[in-house]
Structures are given as structure tokens and as C-alpha cells.
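# Geometric and topological summary
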Amino acid sequence: MLSHRLHAARKNPLGDIVRVLQDDGSVDPSADPNLSRDDAVRLYRGMTLERILDNRMLALQRQGRIGFYGPSVGQEAAIVGAAMAMEPDDWIVPQYREPGAALLRGMPLKDLICQFMTNGGDPAKGRQMPCHYVFAKGHYLSISSPVGTQIPHAMGIAWGMKLRKEPAAVLVYFGDGATSTPDFHVAMNFAGVYRAPCVFFCNNNQWAISLPVSRQTAGAPLAEKAPAYGMEGVRVDGMDALAVYGAVRRAANAARNGQGPALVEALTYRFGPHSSSDDPSRYRDEKEVAVWMARDPLVRLRRFLEARGWWDEGREASLEKEIGDEITQAVAEAEAMPPVPVETFFEDVYAEPTWNLREELGEARSVRRG
Ligand SMILES: Cc1ncc(C[n+]2csc(CCOP(=O)(O)OP(=O)(O)O)c2C)c(N)n1
Ligand SMILES: [Mg+2]
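Everything numeric here is computed off the predicted structure, so don't read it as measured data.

For the rest of this paragraph, the subject is the overall build of the protein chain. Broken down by element type, the protein chain carries 11 helices and eight strands. In terms of overall dimensions, the protein chain is globule-like: its C-alpha atoms have a radius of gyration of 21 Å, near the 21 Å expected for 370 residues. Counting contacts in the protein chain only where the partners sit at least 6 residues apart, residues at least 24 apart contribute 75% of the total. Accessible surface computed for the protein chain: about 16300 Å², of which carbon and sulfur atoms make up 54%.

The N-to-C vectors of helix 1 (residues 37-62) and helix 9 (residues 297-307) enclose an angle of 155 degrees; their axes lie 10 Å apart at closest approach. By the criterion of interaxial angle, the relationship of helix 1 to helix 9 is roughly antiparallel. For the crossing formed where helix 1 meets helix 9, the hand is left-handed. Of the residues in helix 9, those in contact with Ala40, Val41, Leu43, Tyr44, Met47, Thr48 and Arg51 of helix 1 are Pro297, Leu298, Leu301, Arg302, Phe304 and Leu305.

Ranked by internal contacts, the top residues of the largest apolar core, which has 76 residues, are Met57, Phe201 and Val248. Those residues in contact with Met57, other than ones at most four positions away along the chain, are Ile66, Tyr69, Ile113, Phe116, Ile327 and Val331. Core analysis: the next-biggest nonpolar cluster, separate from the first, contains 25 residues, Ala154, Met161, Phe200 and Val213 among them.

A word on the site of ligand 1. Gln95, Tyr96, Arg97, Gly177 and Trp207 are the nearest of the 15 residues found near ligand 1. For ligand 1, an oxygen atom lies 2.8 Å from a polar atom in the backbone of Gly177. The contact in question runs from an oxygen atom of ligand 1 to an N or O atom on the backbone of Ala178, over 3.1 Å. In isolation ligand 1 exposes 580 Å². Once the protein is present, 68% of that is buried.

By the element assignment, Asn205 lies in the loop between strand 4 (198-204) and strand 5 (207-208). Contact partners of Asn205, with chain neighbours within four places excluded, come to Gln75, Arg97, Asp176, Thr268, Tyr269 and Arg270.

Moving on, we come to the state of the cysteines. In total, this model carries zero disulfides according to the counting rule given. No disulfide involves Cys114; its nearest neighbouring cysteine sulfur is the one of Cys131, lying 13 Å away. Distance from the sulfur of Cys198, which forms no disulfide, to the nearest cysteine sulfur (Cys202) is 13 Å.

The subject of this paragraph is the sheet that holds strand 8 (residues 262-267). With respect to topology, six strands assemble into an open sheet ordered 1-7-8-4-3-2, the strand pairing being parallel. Looking at the sheet topology across the chains shown, the edges are occupied by strand 1 (17-18) and strand 2 (91-93). Sheet topology places strand 3 (residues 170-175) next to strand 4; six bridges connect them, and they run parallel. Looking at the pairing, Tyr173 lines up with Phe201 of strand 4. Packing of helix 2 (residues 76-84) onto the sheet brings it into contact with strand 2, strand 3, strand 4 and strand 8, and relative to strand 3 it is tilted by some 170 degrees.

If you check the backbone angles, Asn34 has positive phi at about 55 degrees while not being a glycine. Counting through the fold element by element, Asn34 comes out in the loop between strand 1 and helix 1. Its identity as a non-glycine residue notwithstanding, Ile209 has a phi of 50 degrees, on the positive side. On the secondary structure map, Ile209 appears in the loop between strand 5 and strand 6 (211-212).

Our focus in this paragraph is the side chain of Asp296. Tracing the sequence through the fold places Asp296 in the loop between helix 8 (286-293) and helix 9. Here the side chain of Asp296 touches Arg51 through a polar contact of 3.1 Å, side chain to side chain. Engagement of the side chain of Asp296 in a polar contact is seen with the backbone nitrogen of Leu298, the distance being 2.8 Å. With near-sequence residues (within four places) excluded, Asp296 lies in contact with Arg51 and Phe271.

As a further point, take helix 7 (residues 241-256). The terminal C-alpha atoms of helix 7, which comprises 16 residues, lie 22 Å apart, in line with the 22 Å expected from a rise of 1.5 Å per residue. Of all 16 residues in helix 7, 13 are buried; the element is thus mostly enclosed. The distance from a side-chain oxygen at the start of helix 7 to the backbone nitrogen of Leu242 is 3.1 Å, and the residue carrying that oxygen is Asp240. Backbone geometry just downstream of helix 7 places Gly258 in the positive-phi region, at approximately 85 degrees.

This part covers the packing of aromatic side chains. A complete count under the given rule lists 13 aromatic pairs for this structure. Consider the rings of Tyr69 and Phe116, whose centres lie 5.5 Å apart with planes at 80 degrees: the pair is edge-to-face. Taken together, the positions of Tyr69 in the loop between helix 1 and helix 2 and Phe116 in helix 4 (residues 109-117) put the pair 47 residues apart, joining distant regions of the chain. For the pair Tyr69 and Phe116, one class covers both residues: buried. A ring pair is formed by Trp159 and Tyr194, whose centres lie 5.3 Å apart and whose planes are at 50 degrees; its orientation type is tilted. Placement of the pair is Trp159 in helix 5 (residues 150-163) and Tyr194 in helix 6 (residues 182-194), with a sequence separation of 35 residues. Through a chain of ring-to-ring contacts, the aromatic side chains of Tyr69, Phe116, Tyr133 and Tyr140 assemble into a single cluster. Over the aromatic face of Trp292 sits the side chain of Arg295, whose NZ or CZ is 4.6 Å from the ring centroid.

Reading the values: the criteria
- Residues numbered from 1 in each chain as written.
- Chains lettered and ligands numbered in written order.
- Predicted model: local features only at pLDDT ≥ 70, side-chain atom pairs only at ≥ 80, totals over all residues.
- Heavy atoms only, no water.
- Helix = DSSP H or I, 4+ residues; strand = E, 2+ residues; numbered from the N terminus.
- Rg over C-alpha atoms; globule rule 2.2 N^0.38 Å.
- Contact = heavy atoms within 4.5 Å.
- Areas by Shrake-Rupley, 256 points an atom, 1.4 Å probe, with all protein chains shown as cover.
- Axes fitted to C-alpha atoms, helices over the stretch in contact; angles between N-to-C directions.
- Parallel < 35°, antiparallel > 145°, perpendicular 65-115°, else oblique.
- Left-handed = near helix turned anticlockwise from the far one by under 90°.
- Core = buried A, V, L, I, M, F, W, Y, C linked by side-chain atoms within 4.5 Å.
- Buried < 20%, exposed > 50% of the residue type's maximum accessible area, 1.4 Å probe, protein only.
- Near = heavy atom within 4 Å.
- Polar contact = N/O pair within 3.5 Å; in protein donor to acceptor, adjacent residues only side chain to side chain.
- Disulfide = S-S within 2.5 Å.
- Pairing = 2+ DSSP bridges.
- Expected span 1.5 Å × (residues − 1).
- Phe/Tyr/Trp six-rings, centres within 6.5 Å; stacked < 30°, edge-to-face > 60°.
- Lys NZ or Arg CZ within 6 Å of the ring centre and 35° of its normal.

Honestly, that's just the spatial picture; any functional story needs more than this.
Take a look at the structure:
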């Protein structure tokens, strides 16, 4: 049985799954996280930004203007809802589908797009793979795309914070596929034993590229792995931004208060391809996609905002225009940036460059000029 200490024990139509947003836009009062109007609108804006950014970046990739992209369409409530629940001093350790979380933390759009383009405006100086951005100022760790490797990193940061008595927590995102990795076990076990203040956030989007979640585990829901590591496990409707926000907020508060780690499993669905290099029609049934698309997280949160009188057609249209314009401007500014300076390949290792590095730099400059 799942432990229910993180959320009010109650029956709902999805069984053990926490759900707050009802289909008509009303909320289950027993689980309502009571977001203020400003916060609810900020959450919706963050999710809309991620949706529009995804569509625009996939189009840029198809035009050859960026090399690669991993979209998150359908998962915006899980990604932005979880990020929204964290405090600025907390760290966020991403998987690779969370630009929405970085932007919510204040990462400038232009920096993000320069990283996608790997040009002179890339804060990572062109040293990372495309779509592997970092926003250290916003406590947002670099993406590491080997599946699951970020989970022990997050646990280590959380444990370090505990040792230093810092009153903060860590949120780590990973997919259903990552629960099959040794890294998941290592991190969960260590965090459980040492009570590291870490919120393990599993974005269960039903697929690991072409492998369905039924092939990841013969066990029951992924959240049920938590008690085996001595921590709380909770399953939420991951297309319900308020349910995600509430569950992560409770877990993060508990972690900061010394009550140890927790696992939150968010049930979502990847509406689009795994990445710009994938064709999901080769391995999954479009009928399944349609069932999940009917639970579109943006539509559900928008219904809630409208039911409260906080949103309408006019605001929707101006938000879409505002975000569209911001992205257009950021793309134009990013495309105007020069290439990564060749010098950056040789910097930041030695205080004084060695003779051979100086020689190689000279050769590299002449190749670039030539
Ligand atoms: C160690 C490792 N093995 C394989 C891959 C190739 N790979 C990239 S993403 C992915 C699927 C991961 O699925 P999941 O954890 O469910 O995350 P999702 O992509 O669905 O968000 C795989 C197998 C990799 N990046 N790293
Ligand atoms: Mg997955």
C-alpha cells in the first residue's frame, strides 16, 4: 500500500492517484493547494511558454537552424508544476525535457536558444551537446542525458545541504525508463538511509523512446518502490498542474523540515516524438495518444482559471502573442550572435596556458580564419 502521509488520504475516481482539477474546471477542495491568482496565472504562463517554445524549436530543427530538440508537449503540468513548488534556494536537477523549469527560474530565453545553437552567446561556451543547457544562477544544474545519472547527483547535492545544515531541498526529474537504472537504486537507497532532502520526481510518460512502461518493471506502480527505500511515495495525475504542485510542495516542505526524501510519480504522456530524431508512429498506436490528448494539461488548467474568472479569450490571445513575440525576438538575437570563439576551447583549465596549448590555439585560429 502507498503511504498517504504526503496527501490527504481519500478516495477518488482514479483510485490511489491524487487529482485536484475536475473536468469542469472545479477543484477537489480537500486537496486544493490554494494558489493565489498571480501564482496560478504564472503557472499557466510557464506551461504555455513551454508548449509554444517546443513547437517553435521543433520547427527550427526541421529548418536546420538548431541541431536537435527534445519536446515535452503533454508534460507541461508535471514539469512546470513541480518547479513552481520549489523555493529559489532549492536546486533543480533536470532530466532533459525541462526548459520550462529553467525559464520559470528566470533563465533568459536568448541564453537558452544560444545554447541550442551552440554559438557565442551560449553560456556553456559551446562545450556541451546541443540542448544541454545550465542555469547555475537559478540553481538549475546542467542536463546530463545518460539516462538516470542525474539522480545520484541530486541526492549528493541534497546530502551536502543536509551536512551543511542549509534549509533547502533538491528536486530531481527523471523518466519511467530511468527507474530501471542502477543510478536510481543507488540514489534512492542512499537518500533513504541518510535522509537526504531530495524530492525524486518521476515523470512517467508511459514510454522510454519505444519501450512501454510495462517493460520497465514487473512491479506495481513506480511510486510503490518508495517504501522499500524507507520513504514516502505518492502517485499524482501528472496532467493536473495543481495536483503536481501540491504533492511536490508537501514533499519539499517535509524534506526541508528534516523528514527525509520522497518519491512523486506523475502520470503523464509524451504527445510527440521522443526527440527530433524519433518517429513514434513506428511503435505506438495513435488511438492511445488521442486518449491522453483529451486530458491536455493546458486545457485543464485554463478551465480552472476561467471558472475562477481569472482568464478569458482575450487574455489567452494576448499571452500567446506576447510569448510568440518574445521567442521571435530571442531567436533573432541568438541568430545574430557570432560563433563560439575558438579561444574557449583552450580556456578555464590552466591558470597560465602551457606552450603546447598556445601553439595549438595559434593553429586553431588559422584554421578558423582559413
Ligand atoms: C545510459 C543510457 N542508455 C540509453 C540512452 C538512450 N536513451 C536516451 S533517452 C532514453 C529513454 C529514457 O526514457 P525515460 O527515462 O522514460 O525518459 P523520457 O525520455 O520518456 O522522458 C534512452 C534509452 C541514454 N541516453 N543513456
Ligand atoms: Mg518515459
